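# What the coordinates show
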Amino acid sequence: MVMLEEQTQAAPPAGTGQQKERAVQRMFSSIARYYDLNNTLLSLGLHHSWKRQAVGFLSPNDFRVLDVGAGTADLALQTAERLGNGARIVAADLNRPMLAIGVEKVRKAILQRQIVCVQANAERLCVPDGAFDAVTTGFCMRNVADLPQALQEIKRVLKPGGRLICLEFSRPVAGWLSRLYDWYSFTLLPWIGTKVSGDTTGVYQYLPASIRSFPDQDGLARLLHEVGFEKVEYHNLSGGIVAIHVAVK
């Protein structure tokens, strides 16, 4: 679970466009070494299950998979485990320190022939149209500078009939859970995250506020339709704290 004292608390100023991109990259670079540990602590270990459920929407026929915003390559590694040796996975992330940790994890898993890690911007993917059977993304889309552009780019690189599987924080469906989640997100999470990582950039204040400002389940589904995806559906996990959106090109 990534939590708050006041409903109106805002993220540290990150600006828009390139300003946001630079601010987000600076924050994630500062916590790269502690990212996996804090994910486990702050989600109470649930992020592993969320990612397994997300890759569960992949088809056995998805041989070419792009993971956008791969970070430390957790989702790419779970994709490789699900799809087996025949699949080829590109783990793409803009942040070099995060990606370097992912490269090391792929090496330790002896999956270098199956997973390739590349530095790339979600809004400008340098691959041909229709290059991938499926695109996955986990906890990335709320951090991009231009969300519609990133979604359009993902749609472009998917083959006709290909699927986007987007795992992202969303809105709890029960009022009591929403209130508890807000307290956790904006009060306890920043304290724990900062203590563990020693961060001074404000990333653990930014993260919960970025969730608050991101479209909810229905809002993201509408946006996926607007950029041209079909058969958009979503599946709530942990009471709506997280949702998996599946969209077909």
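The following paragraphs examine the structure supplied in this document.

What the protein chain contains, in helices and strands, is nine helices and seven strands. In terms of overall dimensions, the protein chain has a C-alpha envelope of 45 × 40 × 35 Å along the principal axes. When burial is assessed residue by residue, the protein chain has 53% of its 249 residues classed as buried. Carbon and sulfur atoms provide 55% of the accessible area of the protein chain, an area that totals close to 11300 Å². One way to put it: in the protein chain the 27 positive side-chain charges average out to a point 5 Å from where the 23 negative ones average out.

Packing of helix α1 (residues 18-31) against helix α8 (residues 203-213) brings their axes to within 10 Å, and their N-to-C directions diverge by 125°. With respect to α8, the element α1 is oriented oblique. Seen from above, α1 lies across α8 with left-handed handedness. Residue-level contacts link Lys20, Val24, Met27, Phe28 and Ile31 of α1 to Val203, Tyr204, Tyr206 and Leu207 of α8. Each residue belonging to the contact of α1 with α8 can be placed in one class, and the counts come to eight nonpolar, no polar and one charged.

Before going further, it helps to examine the packing of aromatic side chains. Within the structure shown, the criterion is met by four aromatic pairs. By way of ring pairs, the aromatic residues Trp50, Phe139 and Phe169 are connected into one cluster.

Along the chain, the position of isoleucine 101 falls in helix α5 (residues 96-108). Sequence-wise, isoleucine 101 and glutamine 205 are 104 residues apart; in three dimensions their C-alpha atoms are separated by 23 Å.

Under the counting rule described, the total for this entry stands at eleven salt bridges. Among the salt bridges present, the one from arginine 64 reaches aspartate 133, with a minimum N-O distance of 3.0 Å. Of the two residues, arginine 64 is situated in strand β1 (residues 64-68) and aspartate 133 in strand β4 (residues 132-138); the sequence distance between them amounts to 69 residues. Among the ionic contacts, a cluster of salt bridges with common partners joins Asp36, Lys51, Asp74 and Lys105.

What sets the pattern is the α-helix's 3.6 residues per turn: residues three or four places apart point alike. Between its first and last C-alpha atoms α5 spans 18 Å; for 13 residues at 1.5 Å apiece the expected length is 18 Å, and the two agree. Met98, Leu99, Gly102, Lys105 and Val106 are the residues of α5 that are buried. What you see down the axis of α5 is that its buried residues fit within an arc of 115°, all on one side. The exposed residues of α5 that point more than 90 degrees off its buried face are Arg96 and Lys108. Of the surrounding elements, those touching the buried residues of α5 are α1, α2 (35-42), α4 (74-83), β2 (88-93) and β3 (115-119). Residue asparagine 95 occupies the N-cap position of α5, its side-chain oxygen lying 3.0 Å from the main-chain nitrogen of methionine 98. Once α5 finishes, isoleucine 110 follows within two positions and takes phi at roughly 55°, a positive value.

Another aspect to go through is the sheet that holds strand β7 (residues 242-248). Pairing in this open sheet of seven strands is mixed, and the strands run β3-β2-β1-β4-β5-β7-β6 from one edge to the other. At either end of the open sheet lies a strand with only one pairing partner, and these are β3 and β6 (230-237). Direction aside, neighbouring strands of the sheet carry axes that sit 15° apart on average. Across six bridges, β4 lies against strand β5 (residues 158-169) in parallel orientation. Residue pairing in the sheet places glycine 138 in a bridge with leucine 167 of β5. Helix-sheet contacts for helix α9 (residues 217-226) involve β5, β6 and β7, and the interaxial angle to β6 is about 160°.

Okay, the state of the cysteines next. Per the stated rule, a full pass over the model turns up zero disulfides. Unpaired in terms of disulfides, cysteine 126 finds its nearest cysteine sulfur in cysteine 140, a separation of 16 Å. Using a relative accessible area of 80% as the deciding quantity, one classes cysteine 126 as exposed. With no disulfide of its own, cysteine 166 has cysteine 140 as its nearest cysteine by sulfur position, at a separation of 8.3 Å.

Rules behind the numbers
Residues numbered from 1 in each chain as written. Predicted model: local features only at pLDDT ≥ 70, side-chain atom pairs only at ≥ 80, totals over all residues. Heavy atoms only, no water. Helix = DSSP H or I, 4+ residues; strand = E, 2+ residues; numbered from the N terminus. Buried < 20%, exposed > 50% of the residue type's maximum accessible area, 1.4 Å probe, protein only. Areas by Shrake-Rupley, 256 points an atom, 1.4 Å probe, with all protein chains shown as cover. Lys, Arg positive; Asp, Glu negative; His and termini not counted. Charge placed at Lys NZ, Arg CZ, Asp CG, Glu CD. Axes fitted to C-alpha atoms, helices over the stretch in contact; angles between N-to-C directions. Parallel < 35°, antiparallel > 145°, perpendicular 65-115°, else oblique. Left-handed = near helix turned anticlockwise from the far one by under 90°. Contact = heavy atoms within 4.5 Å. Nonpolar A, V, L, I, M, F, W, Y, C, P; charged D, E, K, R; others polar. Phe/Tyr/Trp six-rings, centres within 6.5 Å; stacked < 30°, edge-to-face > 60°. Salt bridge = Lys/Arg side-chain N within 4 Å of Asp/Glu carboxyl O. Expected span 1.5 Å × (residues − 1). Arc of directions from axis to C-beta. Polar contact = N/O pair within 3.5 Å; in protein donor to acceptor, adjacent residues only side chain to side chain. Pairing = 2+ DSSP bridges. Disulfide = S-S within 2.5 Å.

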